[in-house]
Amino acid sequence: MTDVDNGVLHTLFHSDQGGHEQVVLCQDRASGLKAVIAIHNTALGPALGGTRFYPYASEEDAVADALNLARGMSYKNAMAGLDHGGGKAVIIGDPERDKTEELLLAYGRFVASLGGRYVTACDVGTYVADMDVVARECRWTTGRSPSNGGAGDSSVLTAFGVFQGMRASAQHLWGDASLRGRKVGIAGVGKVGHHLVEHLRDEGAEVVITDVRAESVLRILDKHPTGVSAVTDTEALIRVEGLDIYAPCALGGTLNDDTVPVLTAKVVCGAANNQLEHPGVEKDLADRGILYAPDYVVNAGGVIQVADELHGFDFDRCKAKAAKIFDTTLAIFARAKEDGIPPAAAADRIAEQRMHEAAAARGR
């Protein structure tokens, strides 16, 4: 057994970040598919979470990401009040180069083989059109196009939920939910970030953006010649003077031992999953007086949308549920203050309590 295997198995069976019910390694040589499906917890119901298509540096990195993301989905779904557990899948490869119809169909067959224990949807590197292909082999697929019986782009409500989390953060910290005149930095203006810009500009906030894709930045700047500016990269963004809110909306792990000490924002509230690089970062933020809105709470609008698709999609019903992220975020801040712990720990406690009660009710 290799050191890589030891590392993955130790995470799965022995670490606090493990405890997953099932991990499936998928390979279809004909199409080039290599994928990992991780199911963390099904106490609340079938696992629900998206499919990430990403060029990981190694298979170990892919497994680690699937485990972390699946665990995060258990907490996200619990806090969103959904009757779903947490799961996530990753496909190893460059979506611009490796994604084919044959590969997506093969992936759909693997998801279908789980018999409904895992319901998939879009994530980084996958889109509505991809889910339409996957659905041809797997009925446990959400995030499909409206013409194929789906809800369409879930990033719309993801951004709306993050916006509600920002409003709740402002209410808690400054006594006013309005973001008018606030300076908000957004790292990543792709799927979710560009919708978030629209909410913030409608509210009258000043927005500073960055993205690894120059065309994404130019698209925003062309649409908003005033009120929006850009910086070269995330390193520059987190140091912008007078920043009120920092919104990580790309990949996770950006809040770490290097970035937290130089972060100028008073609030962190964004759409990215797993923003904290390691346990303890939430305390570092609290020690600096930075209010952290737990990522899996405020970015739950998308999963609320795709979960609703399973029962006959209604956008207004979903938006009303996503609007409750405002109240949920405020409740977490209140619990954190009451228990004398960071908001991330308070959210974990609430989510774990719901999962524990559901497991007990099922005799598990």
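Thresholds applied
- Residues numbered from 1 in each chain as written.
- Predicted model: local features only at pLDDT ≥ 70, side-chain atom pairs only at ≥ 80, totals over all residues.
- Heavy atoms only, no water.
- Core = buried A, V, L, I, M, F, W, Y, C linked by side-chain atoms within 4.5 Å.
- Buried < 20%, exposed > 50% of the residue type's maximum accessible area, 1.4 Å probe, protein only.
- Helix = DSSP H or I, 4+ residues; strand = E, 2+ residues; numbered from the N terminus.
- Contact = heavy atoms within 4.5 Å.
- Pairing = 2+ DSSP bridges.
- Axes fitted to C-alpha atoms, helices over the stretch in contact; angles between N-to-C directions.
- Parallel < 35°, antiparallel > 145°, perpendicular 65-115°, else oblique.
- Left-handed = near helix turned anticlockwise from the far one by under 90°.
- Expected span 1.5 Å × (residues − 1).
- Patch = residues over 30% accessible without salt bridge, like charges linked within 9 Å, V, L, I, M, F, W, Y side chains within 5 Å.
- Areas by Shrake-Rupley, 256 points an atom, 1.4 Å probe, with all protein chains shown as cover.
- Salt bridge = Lys/Arg side-chain N within 4 Å of Asp/Glu carboxyl O.
- Lys, Arg positive; Asp, Glu negative; His and termini not counted.
- Charge placed at Lys NZ, Arg CZ, Asp CG, Glu CD.
- Polar contact = N/O pair within 3.5 Å; in protein donor to acceptor, adjacent residues only side chain to side chain.
- Nonpolar A, V, L, I, M, F, W, Y, C, P; charged D, E, K, R; others polar.
- Phe/Tyr/Trp six-rings, centres within 6.5 Å; stacked < 30°, edge-to-face > 60°.
- Disulfide = S-S within 2.5 Å.

Caption draft 1: Structural context of the nonpolar core. Tyr107, Met166, Ile186, Leu196 and Leu200 are the most contacted members of the largest nonpolar core, which has 63 residues in total. The element best represented in this core is helix α4 (residues 101-112), accounting for 6 residues. Look past the residues within four positions of Met166 in its chain and what remains in contact with it is Leu179, Val184, Leu196, Leu200, Ile245, Ala247 and Cys269. Leu255, Leu263, Ala265 and Leu285 belong to the second largest nonpolar core, which has 17 residues in total.

Caption draft 2: Looking closely at the pairing of strand β5 (residues 85-92). For β5, the buried fraction is high: 8 of the 8 residues fall into the buried class. The alternating pattern of β5 places Gly85, Gly87, Ala89 and Ile91 and Gly86, Lys88, Val90 and Ile92 on opposite faces, both of which are buried. Two strands pair when backbone bridges link them, and strand β2 (residues 33-41) and β5 are joined in this way by 6 bridges, in the antiparallel orientation. Looking at the pairing, Asn41 lines up with Gly86 of β5. Two strands pair when backbone bridges link them, and strand β4 (residues 51-54) and β5 are joined in this way by 4 bridges, in the parallel orientation. Bridged to Phe53 within β5 is Ile91.

Caption draft 3: Representation of the packing of helix α6 (residues 155-174) against helix α14 (residues 325-339) in the model. Where α6 contacts α14, the axes come no closer than 8 Å and their chain directions differ by 40 degrees. The orientation of α6 relative to α14 falls into the category oblique. As α6 packs across α14, the resulting crossing turns out to be right-handed. On α14, the residues touching Gly161, Gln164, Gly165, Arg167, Ala168, Ser169, Gln171 and His172 of α6 are Ile325, Phe326, Thr329, Leu330 and Phe333.

Caption draft 4: Structural view of helix α2 (residues 59-79). For α2, which comprises 21 residues, the first-to-last C-alpha distance of 30 Å matches the rise-based estimate of 30 Å (1.5 Å per residue) to within 8%. Counting buried residues in α2 gives 16 out of 21 residues, a clear majority hidden from the surface.

Caption draft 5: Inspection of the sheet that holds strand β7 (residues 183-187) at higher detail. The strand order across the open sheet formed by 6 strands is β9-β8-β7-β10-β11-β12, and the pairing between neighbours is parallel. The open sheet has two free edges, formed respectively by β9 (228-230) and β12 (291-292), since each of these has just one partner strand.

Caption draft 6: View of unusual backbone geometry. One non-glycine residue, Asn274, adopts positive backbone phi at about 50 degrees. Along the chain, Asn274 turns up in the loop between β11 (267-268) and α10 (281-287).

Caption draft 7: Structural view of a negative patch on the surface. Where like charges cluster on the molecular surface, the negative patch consists of Asp257, Asp258, Glu277 and Asp284. The residue Asp284 is located in helix α10 in this model. The exposure class assigned to Asp284 is partly exposed, which follows from its relative accessible area of 31%.

Caption draft 8: Summary view of the side chain of Asp28. If you trace the backbone, Asp28 turns up in strand β1 (residues 22-28). Among the polar contacts listed, one links the side chain of Asp28 to the side chain of Ser31, at a separation of 2.6 Å. Residues contacting Asp28, with those up to four places away along its chain left out, are Leu33, Ala106 and Phe110.

Caption draft 9: Structural detail: the packing of α6 against helix α7 (residues 193-203). At a closest axis distance of 8 Å, the pairing of α6 and α7 adopts a crossing angle of 45 degrees. Put simply, α6 runs oblique to α7. You can see that α6 and α7 cross each other, and the crossing is right-handed. Side by side, α6 and α7 meet where Ser155, Val156, Ala159, Phe160, Val162, Phe163 and Met166 of the first sit next to His195, Leu196, His199, Leu200 and Glu203 of the second. Along the lines of polarity and charge, the residues of the contact of α6 with α7 split into 8 nonpolar, 3 polar and 1 charged.

Caption draft 10: Just α6, in detail. For α6, built from 20 residues, the straight-helix expectation of 28 Å at 1.5 Å per residue is met to within 8% by its first-to-last C-alpha distance of 28 Å. Just past α6, the residue Gly175 takes up positive phi, approximately 80 degrees.

Caption draft 11: Local environment of the packing of aromatic side chains. Scanning the model with the defined rule gives 3 aromatic pairs in all. For the ring pair Phe313 and Phe315, a centre distance of 6.4 Å and an interplane angle of 70 degrees mean the geometry is edge-to-face. Overall, Phe313 belongs to the partly exposed group, its relative accessible area being 28%. With relative accessibility at 34%, the residue Phe315 sits in the partly exposed group.

Caption draft 12: Representation of the environment of Leu179. Tracing the chain through its elements places Leu179 in the loop between α6 and β7. The exposure class assigned to Leu179 is buried, which follows from its relative accessible area of 0%. Along the primary structure Leu179 and Phe163 are separated by 16 residues, whereas in three dimensions their C-alpha atoms are 9.5 Å apart. Setting aside its immediate chain neighbours within four residues, Leu179 contacts Phe163, Met166, Arg167, Ala170, Leu200, Glu203, Gly204, Ala205 and Ile245.

Caption draft 13: Expanded view of the state of the cysteines. Scanning the model with the defined rule gives 0 disulfides in all. Distance from the sulfur of Cys26, which forms no disulfide, to the nearest cysteine sulfur (Cys138) is 11 Å. We note that Cys249 lacks a disulfide partner, and the nearest cysteine sulfur, in Cys269, lies 8.5 Å from it.

On their own, these measurements won't tell you what the molecule is for.
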